[in-house]
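One letter stands for each residue in the lines below.
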Amino acid sequence: MTTVAMPVFSTKNETKNQGILLGVVGTDIPLPELMKLIPKHMLGIHGYAFAITNNGYILTHPDLRPLYQDGQKRRKPNYSSVDLSEVEWEDKDDFLRNSMVNRRTGTFSMEVKKTVDRGRRVLKMHNDYYFTDIKGTPFSVGVALSRGHGKYFFRGNVSVEAGLRDLEQPDVALADEWTYCNTEEKHEHRHLTQIQAIKLFMTSRRPNLKCDRELIQEVLFDAVVTAPLEAYWTGLALNKSEYENMNSDKGVEITFLGTRTGLSRTNLFIPADQLSNQDFLTAEDKEGVFNADHFPLWYKRAAEQVPGTFVYSIPFSTALENKSVVLASTAIQLLDDRKSPIVAAVGIQMKLEFFQRKFWTACRQCTALDGKCSISCDSEDINCYLIDNNGFILVTEEQSQTGLFFGEVEGAVMNKLLQMGSFKRITLYDYQALCKEYTGSSDSARTLSDVILSVPFVHSAQRTRGKTLMVPCDTEYPAFISERTIKETTGNIDCEGCVRSFVIQQIPSSNLFMVVVDNKCDCSSVPPVTMDPIEIILDTCEHNESLKCDRLKFQKDRKKPESCHPFHPEENAMECGSATRLSTALTTALLPLIAAGISR
């Protein structure tokens, strides 16, 4: 919420010069309602809008996390005073922040690292920022556009009849939080869904309804172009041989598609109540659906892969437990020699066990071919892993390791991959983290193991020898990303008198890598490579030149509101200060009380 308020003065002629304040009128505005006004389809896959106050605090921003955890109503301490520099932290000189605080209009560009999937993954991109002040308010608004996305649109003409017919199909849905038509303005329209409102707008002569005609034309076009998918998916389910080949043991559960206009199509291959991950593509799965401030995670990640490449991942839950499914998605790019915008993404959700079984089957088939594979993953002398481009394990012989970061399981190998440049470590900061603080115990100091990130790691506080408090803190943590140009490499690791060898090879047309490690040499003495956060404490900054410490040393710019009304131009100053004219009796009664208070 944000509160908008203003004073109400008497305007009667006989009292106008007295500046009589009748009261204050105001209203609370839900910020999600403001976000709905933003044309997300025009900002592109990674674009977003944000607003700050005159003091530089965030009014709305997609990286603002005011709650302890998704689905919880409990707010964090100081959630309303998160500074813009704490989410746009790559702006080392605070140029963007200070320009907006000082109500300037302009542009700014910088390289940024954006985290996705609860902070566990990172995307590198170049953002162009556009900002200006909002007249009549103490707020400034900004828009971030990522280069390579959202600049070019693809439009086509279809008949209204064909578009509406395909838009009303049961497998079609529109982004819940996008505004195709403003159904809130008129009372008679509030019961309409967005699809119903679009139909009314396009078929009525005077619908008395405000809609985005260009967006509607684009979404009708998307509905027509993607309509054949329904018949294709249905054909797969009906064609027994094709279906069993793709979906043995009902491994593939959902197929889905999303377009830049917020249109999505889904097809279930099994009953909804049998889905392994029933939150997927629902309002409960906030990162997996079109939102007021972001595209689905599977869409954003697919857009950053090489065209034609599938991105595979295991979803992370808030409880740090996987959903026993694998998502695979790929971006659909318009093939044009002039421009190549990404117009959609398509993918499937399959059971994790089904995906893993397919992998082991492929390994054994390779071993069975003469000369093709000299060793087998069934051998006790090697460990085989399938990891993604951020280093998370999708397939391993030890089921308990599935979903873990590879460095936690094979620290020596991960260290070597970092040294060789096959993977890169990227340092990230979280200025909205929560840390445990113990009170009522002999040792109340915080340790590094007590650091808890709101993203990516969330735990519930527990009592330990006293009361446990969750207090705001700043943390630093790593993320990892593979080097795309390296297709295959080998390495050797010296481990206390023996040599451990490994091979890593990229799997074509995917974000996956197969890692084969010789386990005959024990390298357990090498510490694991973890993604654990480290708290940044101000006391340690005296001789520390890190980014965080540099930011703590300088006072932030704050600005008073430009409009202030300490007096009324027609006000009679002689009428002011009447409160000092106390009666003699009241003054006499108060003086002894005041004297007694002073003497104490």
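The structure we're discussing is the one just above.
Residues numbered from 1 in each chain as written. Predicted model: local features only at pLDDT ≥ 70, side-chain atom pairs only at ≥ 80, totals over all residues. Heavy atoms only, no water.

A. Broad picture of the state of the cysteines. This structure, assessed with the given rule, holds 5 disulfides. Between the sulfur of Cys 377 and that of Cys 384 lies a disulfide, 2.1 Å long from S to S. What sets the handedness of the Cys 377 and Cys 384 disulfide is the S-S torsion sign, and at about -95 degrees it is left-handed. The two residues Cys 377 and Cys 384 agree in class, both being buried. (Disulfide = S-S within 2.5 Å. Buried < 20%, exposed > 50% of the residue type's maximum accessible area, 1.4 Å probe, protein only.)

B. Molecular detail of the pairing of strand 5 (residues 106–116). As defined by bridge partners, strand 5 adjoins strand 6 (residues 121–133) across 11 bridges and the pair is classed as antiparallel. Residue pairing across strands places Lys 114 opposite Leu 123, the latter belonging to strand 6. The hairpin formed by strand 5 and strand 6 contains 4 residues between the paired strands, and Asp 117 there has a positive phi angle of roughly 55 degrees. (Pairing = 2+ DSSP bridges. Helix = DSSP H or I, 4+ residues; strand = E, 2+ residues; numbered from the N terminus.)

C. Highlighting the pattern of salt bridges. In the structure shown here, the tally under the stated rule is 20 salt bridges. Across the pair Asp 94 and Lys 556 runs a salt bridge whose closest N-O atoms are separated by 2.7 Å. Within this pair, whereas Asp 94 is found in the loop between strand 4 (58–60) and helix 3 (95–101), its partner Lys 556 is found in the loop between helix 13 (547–552) and helix 14 (584–599), the two being separated by 462 residues in sequence. Each of the two residues, Asp 94 as well as Lys 556, counts as buried. One salt bridge connects Lys 199 with Glu 168, and the closest N-O pair in it is separated by 3.5 Å. Taken together, the positions of Lys 199 in helix 5 (residues 194–203) and Glu 168 in the loop between helix 4 (160–167) and strand 8 (172–174) put the pair 31 residues apart, joining distant regions of the chain. One network of salt bridges, in which partners are shared, links Asp 63, Glu 88 and Lys 114. (Salt bridge = Lys/Arg side-chain N within 4 Å of Asp/Glu carboxyl O.)

D. Expanded view of the packing of helix 4 against helix 6 (residues 213–226). Across the interface, helix 4 lies against helix 6 with an axial gap of 8 Å and an inter-helix angle of 70 degrees. Of the possible angle classes, the one that applies to helix 4 and helix 6 is roughly perpendicular. Crossing of helix 4 against helix 6: the hand is left-handed. Taken together, the residues of helix 6 that come into contact with helix 4 (itself represented by Ala 162, Gly 163, Leu 164, Asp 166 and Leu 167) are Leu 220, Ala 223 and Val 224. When grouped by side-chain class, the residues that make up the contact of helix 4 with helix 6 number 6 nonpolar, 1 polar and 1 charged. (Axes fitted to C-alpha atoms, helices over the stretch in contact; angles between N-to-C directions. Parallel < 35°, antiparallel > 145°, perpendicular 65-115°, else oblique. Left-handed = near helix turned anticlockwise from the far one by under 90°. Contact = heavy atoms within 4.5 Å. Nonpolar A, V, L, I, M, F, W, Y, C, P; charged D, E, K, R; others polar.)

E. Region of interest: the nonpolar core. Counting 39 residues, the largest nonpolar core has Leu 167, Leu 174, Tyr 180, Cys 181, Ile 198, Ile 216 and Tyr 299 as its most contacted members. Excluding anything up to four places from it in sequence, Ile 216 contacts Tyr 180, Cys 181, Ile 198, Phe 201, Met 202 and Cys 211. Within the second largest apolar cluster, 25 residues are counted, among which are Phe 316, Met 414, Ile 504 and Cys 523. (Core = buried A, V, L, I, M, F, W, Y, C linked by side-chain atoms within 4.5 Å.)

F. Spatial organisation of unusual backbone geometry. Despite not being glycine, Asp 94 shows a phi value in the positive range, around 55 degrees. The exposure class of Asp 94 is buried, given its relative accessible area of 11%. Phi angles above zero are rare outside glycine, and Ser 509 is one such case at about 60 degrees. In this structure, Ser 509 sits in the loop between strand 20 (498–506) and strand 21 (512–518).

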